Amino acid sequence: MGRRRLTLIMIPGAAASLFVLGLLFVTGNSGRDSVPFIVACLIVFMLFNAGGLQLMGWLTGSETYPLAVRPAGAAAQSAAMWGTNVVITLTLLSTINAIGVGPSMWLYALFNVGAWLFMFVRMPDLTGRSLEEIERKLAEGKFRPADFAR
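Within each chain, residues carry numbers counting from 1 in the order of the written sequence. For a predicted model such as this one, the threshold for reporting local features is a pLDDT of at least 70, and the threshold for listing and counting side-chain atom pairs is 80 or more; totals across whole chains, interfaces and linings nevertheless cover every residue. By convention in this description, side-chain values take in all heavy atoms of the structure and omit both hydrogens and water.

Describing the overall build of the protein
Okay, so step 1: The helix and strand labels rest on DSSP assignments: H or I over at least four residues marks a helix, E over at least two residues marks a strand, and numbering proceeds from the N terminus. Scanning the protein from terminus to terminus reveals six helices and zero strands.
Okay, so step 2: In sequence order, the protein lays out its α and β elements as α-α-α-α-α-α.
Okay, so step 3: Once the C-alpha set of the protein is aligned to its principal axes, its extents read approximately 55 × 30 × 20 Å.
Okay, so step 4: A total accessible area of about 9,100 Å² is found for the protein, and carbon and sulfur atoms account for 70% of it.
Okay, so step 5: In the protein, the 12 positive side-chain charges and the 8 negative ones have mean positions that sit 3 Å from each other. What sets the accessible areas is the Shrake-Rupley method with a 1.4 Å probe; for residues, cover comes only from the shown protein chains. Only four residue types enter the charge count, namely Lys and Arg as positive and Asp and Glu as negative; His and the chain termini do not. One atom stands in for each charge, and that atom is NZ of Lys, CZ of Arg, CG of Asp or CD of Glu.

Put into C-alpha cells, the structure is as follows:
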C-alpha cells in the first residue's frame with residue numbers, strides 16, 4: 001500500500017478522534033470519570049496523526065523534490081510544517097477561550113478533513129515512481145495526481 005493511500009486511511013481516524021473528544025467536552029463528560037476516555041481519544045489521535053498527516057509531511061520532500069533543489073525544498077517544507085505547529089500552539093488557548101474546548105476540537109477535526117480533501121485531490125501517489133520520472137513531470141508542468149494514476 002502506498003503512503004498516500006495509508007494517509008487517506010489514517011487522516012479520518014485523527015479527525016474522528018478529535019470529533020469524539022469535542023463531543024465529550026460539549027456534552028459535559030469531561031470530569032474525573034471521563035479522563036480515561038479523554039486520554040484514549042488523545043492517544044488515538046496521536047497514532048492516526050503520526051501515521052497520516054505527519055508521515056506525508058516529512059516524507060514527501062524526500063520523494064518529490066529533484067536532487068538539484070532538494071535541500072532548499074526540504075528546508076522550506078520543514079519551515080512550513082514547524083510554522084504551522086507554532087501557529088496551532090499559539091492560537092489554541094485563545095481559540096478555547098473564544099469558543100470552548102469541544103468546539104475547538106471540532107475545528108481541528110475540520111482542519112483534518114480539509115487536509116484529507118487536499119491529499120485526495122492534489123497529492124499524487126508516487127509509490128514506485130523514479131525521481132527522473134517525477135522530475136520530468138515537473139519540467140513538463142504535469143505534476144498532477146491524474147498524471148501519476150496507474
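There's more to say after this.
Digging into the UniProt feature "transmembrane region" (unreviewed entry) in the protein
Okay, so step 1: The residues that UniProt annotates with the feature "transmembrane region" (unreviewed entry) are residues 7-25, 37-59, 79-99 and 105-121.
Okay, so step 2: The span residues 37-59 shows a helical share of 96% and a strand share of 0%, and its end C-alpha atoms are spaced 32 Å apart.
Okay, so step 3: Between the C-alpha atoms that bound residues 79-99 there is a distance of 29 Å. The span itself is 100% helix and 0% strand. UniProt positions are given in the numbering used here, feature names are shortened, and annotations may be inferred rather than shown by experiment.

A word on helix H5 (residues 101-122)
Okay, so step 1: To estimate the expected span of a helix, subtract one from its residue number and multiply by 1.5 Å. A rise of 1.5 Å per residue sets the reference length of H5, with its 22 residues, at 32 Å; its end C-alpha atoms lie 31 Å apart and thus fit the reference within 8%.
Okay, so step 2: All of the buried residues in H5 are Gly-102, Ser-104, Met-105, Tyr-108, Ala-109, Asn-112, Ala-115 and Met-119. Buried residues of H5 fall within an arc of 165° about the axis and therefore sit on the same side. Seen from the buried face of H5, the exposed residues on the opposite side, beyond 90 degrees, are Leu-110 and Val-121. When a residue's accessible area, from a 1.4 Å probe over protein chains only, is under 20% of the maximum for its type it is buried; when over 50% it is exposed; and in between it is partly exposed. Here, the arc refers to the directions that run from the helix axis to the C-beta atoms.

Notes on the packing of aromatic side chains
Okay, so step 1: For this analysis, a ring pair means two rings from Phe, Tyr or Trp (six-membered ring only for Trp) whose centres lie within 6.5 Å, classed as stacked if their planes differ by under 30 degrees, edge-to-face if by over 60, and tilted for the remaining angles. As enumerated under the stated definition, the model contains two aromatic pairs in all.
Okay, so step 2: Taken together, a centroid distance of 5.6 Å and an interplanar angle of 20° make the contact between Phe-19 and Trp-106 stacked. Pair noted here: Phe-19 is in helix H1 (residues 3-26) and Trp-106 is in helix H5, with a separation of 87 residues, a long-range link.
Okay, so step 3: Residue classification places Trp-106 among the partly exposed residues on the basis of a relative accessible area of 28%.
Okay, so step 4: Between Tyr-108 and Phe-111, the aromatic rings sit 5.7 Å apart at their centres with planes inclined by 65°, giving edge-to-face as the arrangement. You can see Tyr-108 and its partner Phe-111 sitting in helix H5, three residues apart, about one turn around the helix.

Quick look at the environment of Phe-120
Okay, so step 1: Within the secondary structure, Phe-120 is located in helix H5.
Okay, so step 2: Exposure remark for Phe-120: the relative accessible area of 47% places this residue in the partly exposed category.
Okay, so step 3: With 74 residues separating them in the primary sequence, Phe-120 and Met-46 have C-alpha atoms 21 Å apart.

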